[in-house]
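# Examining the three-dimensional arrangement
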Amino acid sequence: MTVGGWRPARVVETVPATPSARILRLAVADWPGSLAGQHVDVRLTAEDGYQAVRSYSLGSYGSGETIELGVDEIPDGEVSPYLVRDVLPGDELEVKGPLGGYFVWQPGGVAPVQFIAGGSGVVPLMAMVRAATDAGAAASARLLYSTRRPENAIYREELSDGAGDRGVAVSWAYTRAAPAGWDGQVGRLDDERLREAVWPPSSAPIVYVCGPTGFVEHVADALVRLGHPPARIRTERFGGA
Amino acid sequence: MAVISRGFGARRRESDPRLPPGQYLTEDFPVLSAGPTPRIDLSEWRFDLRTESGEGASWSWDEFMDLPIEDVHTDIHCVTRWSKLGTSWRGVSLDTLVDAVETEASYAMAHSYGGYTTNIPLEDLLGGRAWVAFEFEGEPLDPEHGGPARLLVPHLYFWKSAKWVRGLTLMDDDEPGFWEQNGYNMHGDPWTEERYW
Ligand SMILES: Cc1cc2nc3c(=O)[nH]c(=O)nc-3n(C[C@H](O)[C@H](O)[C@H](O)COP(=O)(O)OP(=O)(O)OC[C@H]3O[C@@H](n4cnc5c(N)ncnc54)[C@H](O)[C@@H]3O)c2cc1C
């Protein structure tokens, strides 16, 4: 895997996703394509040459010259508020990638697969959900998605609609407030909720966990406690608490 | 020529000459690893050193604590672009450990509880440049930061500072470790931005 240098990327579309997050579609000439789960480094350059770089996962996968990012605003942040509020179609930035050869899903395995997302951690898992659906492997894939409130879920509509015969089964968890009529608990994912919503250790799933560091630590620890072998748990930590 | 991003820069972070290119300053301590955090009991912990000829040395936790312990004050730089300045650690110098064996090797592979590996040229581990650290800011090292003990090679990107380290294998020839097989540079010097292949 050779990454290569910085490539110019033009913003072609910005789609509001939640009150604090936005989906950005970027056109990248000669984009080499990516595996589901990979990320890019995004580089921003100010008029005076000042630069900042952050990593963002790809919600898209495969070939094609348009890539998709899903960015959630960290209120005190330097880069995410710019990407979520300021950037407009036609603006330019740079990307390097695709990056990461480990937190990826590719069709072909026999084991069931479990995706567990916290907040914007759903972005690379969305690429995997899409890839599993396209590959006809959705029946053996599940997603558990934890957000503060229903309206904070990036890709909420696509995930809610997809759960038909062809799509990946989605379970939701809410840490602050649930939708009307919700009969489950509200709060941090606990062992019981994980046991309910996740393929059991006896079916030997491979588990992908992604989100803020604190979320990933908490979920990965709980999975090990529930009997999932550490070697079958792949994590990607986005930073922060 | 870099592409200018219209309107970017209003919230810029302060820059600092102690930061390698492309790094930004963080005050907290981010965690990045490939899987769950291993929990290792001190009574079971061991550090094993194997040479290229198969000879070895091994320390239990208590034996390790009897080795000379050094205070280390240093900056650290993660390939995901955060840097932390002026961190304080305590640990055993790799010079002390490698002195216990006979070796002509040029490279080392660090092995961790949990299966992580990373390769480092031996010259980057010797000469007072690397430690097995077990204290951070005066406290025992947290499991999520690699406790009970991690490698500390502060002049290389931090993925080389293997968490939950359990030993080193010395080698004549370089071989890629875990992230190195997954797209990261074989060496990892932050000042020349040796991030990826
Ligand atoms: C491999 C990888 C993939 C990522 N993918 C995505 C993605 O798809 N979508 C996305 O929105 N973000 C993603 N991130 C996080 C992203 O790179 C930035 O860290 C985040 O946008 C904050 O950047 P900032 O410049 O706005 O804040 P900064 O100015 O860097 O930091 C401001 C403060 O926010 C804290 N902080 C940083 N990141 C987070 C976080 N994720 N949660 C809570 N607090 C944080 C910092 O510790 C700091 O105190 C990913 C990170 C990694 C390592």
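Whatever comes next refers back to the structure up there.
Residues numbered from 1 in each chain as written. Chains lettered and ligands numbered in written order. Predicted model: local features only at pLDDT ≥ 70, side-chain atom pairs only at ≥ 80, totals over all residues. Heavy atoms only, no water.

### Here we look at the interface of chain B and chain A
With 28 residues of chain B in contact, the opposing surface of chain A contributes 44 residues. Each partner contributes to the roughly 3300 Å² buried at the junction of chain B and chain A, and carbon and sulfur atoms together form 53% of this total. Joining chain B to chain A, the criterion identifies 4 salt bridges. A salt bridge links aspartate 41 of chain A to arginine 81 of chain B; its shortest N-O distance comes to 3.1 Å. Viewed at the interface, chain A and chain B are joined by 15 residue pairs in polar contact (both at pLDDT 80 or more). Broken down by class, the residue content of the side of chain B that touches chain A amounts to 13 nonpolar, 8 polar and 7 charged. (Contact = heavy atoms within 4.5 Å. Buried area = accessible area lost by both parts, 1.4 Å probe. Salt bridge = Lys/Arg side-chain N within 4 Å of Asp/Glu carboxyl O. Polar contact = N/O pair within 3.5 Å; in protein donor to acceptor, adjacent residues only side chain to side chain. Nonpolar A, V, L, I, M, F, W, Y, C, P; charged D, E, K, R; others polar.)

### Some points on the sheet that holds strand β3 (residues 39–45) of chain A
Residues and elements named next belong to chain A. Strand order in the open sheet formed by 6 strands is β4-β3-β6-β1-β2-β5, with antiparallel pairing between adjacent strands. In this open sheet, the two strands that pair with only one neighbour each are β4 (51–57) and β5 (66–72). On average, each strand axis in the sheet is inclined to that of its neighbour by 40°, with strand direction left out of account. The pairing of strand β1 (residues 7–18) with strand β2 (residues 21–28) spans 8 bridges and is antiparallel. Paired with threonine 14 across the two strands is leucine 24, which belongs to β2. (Pairing = 2+ DSSP bridges. Helix = DSSP H or I, 4+ residues; strand = E, 2+ residues; numbered from the N terminus. Axes fitted to C-alpha atoms, helices over the stretch in contact; angles between N-to-C directions.)

### A word on the pairing of strand β3 (residues 56–60) of chain B
Residue and element names in this part refer to chain B. Across 5 bridges, strand β2 (residues 46–50) lies against β3 in antiparallel orientation. Looking at β3, one finds that aspartate 48 is bridged to serine 58. If you look at the hairpin formed by β2 and β3, you'll find 5 residues sitting between the two strands, and glycine 54 has a positive phi there, around 90°.

### Brief notes about the nonpolar core
Judged by nonpolar contacts, the single largest core of 44 residues is most densely connected at Phe47, Phe64, Leu94, Leu97, Leu125 and Val132 of chain B. Counting residues in hydrophobic clusters, the runner-up holds 32 residues, among them Phe103, Trp105, Ala131 and Val170 of chain A. (Core = buried A, V, L, I, M, F, W, Y, C linked by side-chain atoms within 4.5 Å. Buried < 20%, exposed > 50% of the residue type's maximum accessible area, 1.4 Å probe, protein only.)

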